Each structure stands twice: as C-alpha cells, then as structure tokens.
Amino acid sequence: MGMGGQKEKVSCRSCGKTTELEYASSVNVALNPELKQQVRSGSLFLWTCPECGSANLLNLPFLYHDPGEKLMILLSPSPVRSEDLPEGYTGRQVRSVGELVEKINIFDSGLDDIVIEMCKYVTCHELGKDVRLKFFKLGGADSEMTFTYPEDGQMQMVEVGFKVYEDCAGIVNRNPAMRQAAAGLSEINQDWLSRFFA
C-alpha cells in the first residue's frame, strides 16, 4: 500500500458545509510514482464541495516519502518534533502545499534546500526587496535558477546564475552549525536562515 488513506471531516471555505472526505495522508513515490505528479501540481490536495461546487485546498497533515532520494517531507500546519528518521534520510517540515511543492522541486533538481534559502537571502538583498522567493526550476544552458515571487497581484520571475548557488554552498559548508541545525525533521525557510545572519 503506497498511499495511506483516511477519512476526515472538512469544511468548505465558501459555504461552510462540512463533508467527510477520504484523502491520502501519505504517499510513497517509489510505490506510487503516478501520484508524484499530483503532489507536484497540487491536484492531490484539491477537493470540490458537493454542496456549492467550490474548489478547496486540503490543509491536513501529509507525509511525502521518496525512498530513492531518501527524503521525507511532512506537511503539517503545526510544528512536529521528530528525531527518528531512517538512517541517511533528509527530513523536512513544511506548512503549506506550496512549500511542499517547492521542496520537491529543489530536491528533484539535485539541489540543497539550505543553500537555496541562502540564495534567496542574497537575491532579495540584490533586488532590494523584502519578498518571499520560491524556487521554481533549474534550467537553461548555464543552469540558471528561476525564483518566483508575487508582486502587485502578478507572479514575478527572477533568474539567478548558478555561480550564486556555488558561492552560497561555500558559505553553508563553512558553517557546519547550519547542517547540524537542519538535522531531524526541520523547517528550513527564511526564518530559519535568519537565525544565522541576525
């Protein structure tokens, strides 16, 4: 069984009607590779209200498990303490579907999310903006990283050269405390990073 299913009562954000919904509380993408795309697109977390037809996003605890990448990402609105990860695993906690998708994109690109947070920090300073960047993709001839951020109701994109990633990786490698602080099921984001650069 690659997909843990359970029933949960959820309320529609439009009409407030409560529905009992069966949803996947976990997915192992080695066993269910077809579900990975549904996680990445967010469609696995969408449900339609039978009363009013509104689309809702499920925000219930969900575990993403990729044994090939030795990666576990827990989506949970409230913090969870967990030190018991299998040997050699990277564990992360995120608060939203958007953050979950971003983490999967980072790890699938073969990148380190601690370094990516450092890249965001540097890029925000260069933009001179206090925005929440999200990693979107790695690509192009020179392996540029593309980050997105919302501004004036539009999604903006900013491309950053791979040299920035290499420079940031150097900084992270010179700060072993960062790696140690990321052990267990950590929430790695800009707030986490700011502890090291206060």
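A.B. asks: Tell me about the overall build of the protein chain, and please be specific about residues and values.
C.D. replies: Of the regular secondary structure elements, the protein chain holds 6 helices and 11 strands. Each principal axis of the C-alpha distribution contributes one length, and for the protein chain these read about 50 × 45 × 35 Å. Counting over 198 residues, the protein chain shows a buried share of 43%. For the protein chain, long-range pairs separated by at least 24 residues make up 47% of all intrachain contacts whose partners lie at least 6 apart in sequence. Treating the 20 positive side-chain charges of the protein chain as one cloud and the 27 negative ones as another, the clouds have centres 3 Å apart.

A.B. asks: Tell me about the sheet that holds strand E9 (residues 144–151), residues and numbers included.
C.D. replies: Working definition: the strands of a sheet are paired by backbone hydrogen bonds and lie parallel or antiparallel to each other. Pairing in this open sheet of 3 strands is antiparallel, and the strands run E8-E9-E10 from one edge to the other. Bordering the open sheet on either side are strand E8 (134–139) and strand E10 (154–160), each of which pairs with just one other strand. If you compare each strand with its neighbour and ignore which way they point, the axes differ by 30 degrees on average. Sheet topology note: the E8/E9 ladder contains 5 bridges and is antiparallel. Note that in E9 the partner of Leu138 across the bridge is Met145. The sheet strands contacting helix H3 (residues 113–127) are E8, E9 and E10, and the helix crosses E9 at an angle near 60 degrees.

A.B. asks: Let's hear about H3: which residues, and what values?
C.D. replies: For H3, which comprises 15 residues, the first-to-last C-alpha distance of 20 Å matches the rise-based estimate of 21 Å (1.5 Å per residue) to within 8%. Those residues of H3 that sit buried are Asp113, Ile114, Val115, Ile116, Glu117, Met118, Cys119, Lys120, Thr123 and Cys124. Between the side-chain oxygen of the N-cap and the backbone nitrogen of Ile114 there are 2.8 Å, and the N-cap of H3 in question is Asp112.

A.B. asks: Please give an account of the nonpolar core that cites residues and values.
C.D. replies: One recurring pattern in soluble globular proteins is that nonpolar side chains are buried together. Core analysis: the biggest nonpolar cluster contains 26 residues, and Ile116, Cys119, Met145 and Phe147 have the highest contact counts within it. For this core, the secondary structure elements donating two or more residues are H3, E9, E10, helix H4 (162–173) and helix H6 (190–194). Residue contributions to this core peak at 6 residues, all from H3. In contact with Met145, not counting residues within four places along its chain, are Ile116, Cys119, Phe135, Lys137, Leu138, Val158, Glu159, Val160, Gly161 and Tyr165.

A.B. asks: Tell me about the pattern of salt bridges, and name the residues and values.
C.D. replies: Per the stated rule, a full pass over the model turns up 14 salt bridges. Here Asp112 and Arg179 are joined by a salt bridge, their closest N and O atoms 2.5 Å apart. With Asp112 in the loop between helix H2 (97–108) and H3 and Arg179 in helix H5 (residues 176–181), this pair connects stretches of sequence that are 67 residues apart. On the basis of relative accessible area, Asp112 is assigned to the buried category, the value being 17%. The salt bridge partner of Lys129 is Glu151, with a shortest N-O separation of 3.1 Å.

A.B. asks: An account of the packing of aromatic side chains is requested, with residue identities and associated values reported.
C.D. replies: All told, the structure shown has 4 aromatic pairs when counted by the stated rule. Geometrically, the ring pair formed by Phe135 and Phe147 is edge-to-face, given 6.0 Å between the ring centres and 75 degrees between the ring planes. In this pair, Phe135 sits in strand E8 while Phe147 sits in strand E9, placing the two residues 12 residues apart along the sequence. The same class applies to Phe135 and to Phe147, which are both buried.

A.B. asks: Could you give an account of unusual backbone geometry, with specific residues and numbers?
C.D. replies: For Ser143, which is not a glycine, the phi torsion comes out positive at approximately 55 degrees. Note on placement: Ser143 falls in the loop between E8 and E9. On the accessibility criterion, Ser143 (30% relative accessible area) is partly exposed. Notably, Asp152 is not glycine yet its phi reads approximately 50 degrees, a positive angle. Mapped onto the fold, Asp152 is located in the loop between E9 and E10.

A.B. asks: Please give an account of the side chain of Gln190 that cites residues and values.
C.D. replies: Residue placement: Gln190 occurs in helix H6. Of the residues examined, Gln190 reaches a relative accessible area of 18% and is grouped as buried. Separated by 2.6 Å, the side chains of Gln190 and Glu117 make a polar contact. Ignoring anything within four residues of it in the chain, the contact list for Gln190 reads Glu117, Lys120, Tyr121 and Arg132.

Cut-offs applied
Residues numbered from 1 in each chain as written. Predicted model: local features only at pLDDT ≥ 70, side-chain atom pairs only at ≥ 80, totals over all residues. Heavy atoms only, no water. Helix = DSSP H or I, 4+ residues; strand = E, 2+ residues; numbered from the N terminus. Buried < 20%, exposed > 50% of the residue type's maximum accessible area, 1.4 Å probe, protein only. Contact = heavy atoms within 4.5 Å. Lys, Arg positive; Asp, Glu negative; His and termini not counted. Charge placed at Lys NZ, Arg CZ, Asp CG, Glu CD. Pairing = 2+ DSSP bridges. Axes fitted to C-alpha atoms, helices over the stretch in contact; angles between N-to-C directions. Expected span 1.5 Å × (residues − 1). Polar contact = N/O pair within 3.5 Å; in protein donor to acceptor, adjacent residues only side chain to side chain. Core = buried A, V, L, I, M, F, W, Y, C linked by side-chain atoms within 4.5 Å. Salt bridge = Lys/Arg side-chain N within 4 Å of Asp/Glu carboxyl O. Phe/Tyr/Trp six-rings, centres within 6.5 Å; stacked < 30°, edge-to-face > 60°.

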